[in-house]
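Overview (structure and organization)
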Amino acid sequence: AETIIWNSPEGLKKLEQSQFKNDFYQLVNFYQPQENPLFCGIATATIILNAFEHGNISSQKEGEINRPESNEVINYPLYTQKSFFNNKTQKIKKRAIIEYREQNEVNGKKFYDPGVNLNDYSKLLEKGHGLKTEVTHATKFDQKSINKFRKTIKKVTADDKKFIIVNFDGQIIGQTTRGHISPLVAYDEESDSVLILDVALHKNKWYWVSL
């Protein structure tokens, strides 16, 4: 599938004519690229948490600065990808395992298990940060499933209380990312394409791609 850079003339035309782009305006102010090659899910979650809670976020230690001359703390009331991790997320999947620094262990068997799968990701958001999630696996590629997906996208991208996170193989759409997570933020009806705020900025700019 061909991708179209979001701020190319064609990409901007799609954004301008789109009737389903509220999520773009809600999330673009909080966009941040993933801090390392394994943090696509963490970066996406951080963007959404900041959008939901901006103005009500307590100072995050990972972003604070201490003034050595006065011992005063300069606060940082915004989630960072490092402050995404807390005691609750550690019980679901340890940061060291996600970062490829430690092996996972299931039924006595140890193995490397970097990043997050969709089910673990849902638990990290729900149990780790109190967000309500609905996981949908794309099990069929038929017209009925595509129509349902299109209907969901239209509804959510025009809503101001819900967001869509997509988990996909980037190589299918000509990107170099493999299993990847990013926010889907707009839908253009005329071209039947969606806008992805790709968090892998070290590889890709944001783009439109066929639904």
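Right above here is the structure, for reference.
Let me begin by describing the structure that accompanies this report. What you see is a predicted model; the values in this text were computed from it and never measured. (Residues numbered from 1 in each chain as written. Predicted model: local features only at pLDDT ≥ 70, side-chain atom pairs only at ≥ 80, totals over all residues. Heavy atoms only, no water.)

**Observations regarding the overall build of the protein chain**
Broken down by element type, the protein chain carries seven helices and nine strands. Taken over C-alpha atoms, the radius of gyration comes to 18 Å for the protein chain, in line with the 17 Å a tight globule of 211 residues would show. Taking all 211 residues of the protein chain together, the buried fraction comes to 42%. Once the 29 positive and 26 negative side-chain charges of the protein chain are each reduced to a mean point, those two points are 6 Å apart. (Helix = DSSP H or I, 4+ residues; strand = E, 2+ residues; numbered from the N terminus. Rg over C-alpha atoms; globule rule 2.2 N^0.38 Å. Buried < 20%, exposed > 50% of the residue type's maximum accessible area, 1.4 Å probe, protein only. Lys, Arg positive; Asp, Glu negative; His and termini not counted. Charge placed at Lys NZ, Arg CZ, Asp CG, Glu CD.)

**A look at helix α6 (residues 118-129)**
Relative to the 16 Å expected for twelve residues at 1.5 Å per residue, α6 spans 16 Å between its end C-alpha atoms, a close match to the ideal helical length. What α6 keeps buried is the set Leu118, Asp120, Tyr121, Ser122, Leu124, Leu125, Gly128 and His129. Buried positions along α6 lie against α3 (40-53), α4 (87-92), α5 (95-98), β6 (164-169) and β7 (179-188). In this structure asparagine 117 caps α6, since a side-chain oxygen of it lies 3.1 Å from the backbone nitrogen of asparagine 119. In the segment just after α6, glycine 130 is the residue with positive phi, at about 75°. (Expected span 1.5 Å × (residues − 1). Contact = heavy atoms within 4.5 Å. Polar contact = N/O pair within 3.5 Å; in protein donor to acceptor, adjacent residues only side chain to side chain.)

**Comments concerning the sheet that holds strand β8 (residues 193-196)**
Taken together, five strands build an open sheet; the order of strands is β1-β9-β8-β7-β6 and the sheet is antiparallel. What marks the edges here is a single partner per strand, and that holds for β1 (3-5) and β6. The average undirected angle you get between the axes of adjacent strands in this sheet is 40°. Two elements, β1 and strand β9 (residues 207-210), share three bridges in a ladder whose sense is antiparallel. The residue bridging isoleucine 5 from the neighbouring strand is tyrosine 207, located in β9. Packed onto the sheet, helix α7 (residues 143-157) meets β6, β7 and β8 and runs at close to 75° relative to β7. (Pairing = 2+ DSSP bridges. Axes fitted to C-alpha atoms, helices over the stretch in contact; angles between N-to-C directions.)

**Describing the layout of surface pockets**
By volume, the largest pocket is sized at about 2100 Å³. For the largest pocket, the lining is made up of 46 residues, of which Thr136, Phe149, Ile164, Ile165 and Val166 are closest to its centre. It is α7 that provides the largest number of residues to the lining of the largest pocket, a total of ten residues. A class-by-class count of the residues in the lining of the largest pocket yields 25 nonpolar, nine polar and twelve charged. (1 Å grid on protein atoms, 1.4 Å probe; cavity = no way out; pocket = protein on both sides within 12 Å on 5 of 7 lines; lining within 4 Å. Points joined across faces, edges and corners; volume = space filled by probe spheres on them. Nonpolar A, V, L, I, M, F, W, Y, C, P; charged D, E, K, R; others polar.)

**Side note on the pairing of β7**
Of all ten residues making up β7, nine are buried, and the element is well covered by its neighbours. With four bridges joining them, β7 and β8 adopt antiparallel strand pairing. Along β8, the bridge assignment pairs leucine 184 with isoleucine 196. Here β7 folds back onto β8 in antiparallel fashion, the turn holding four residues, of which aspartate 192 has a positive phi close to 50°.

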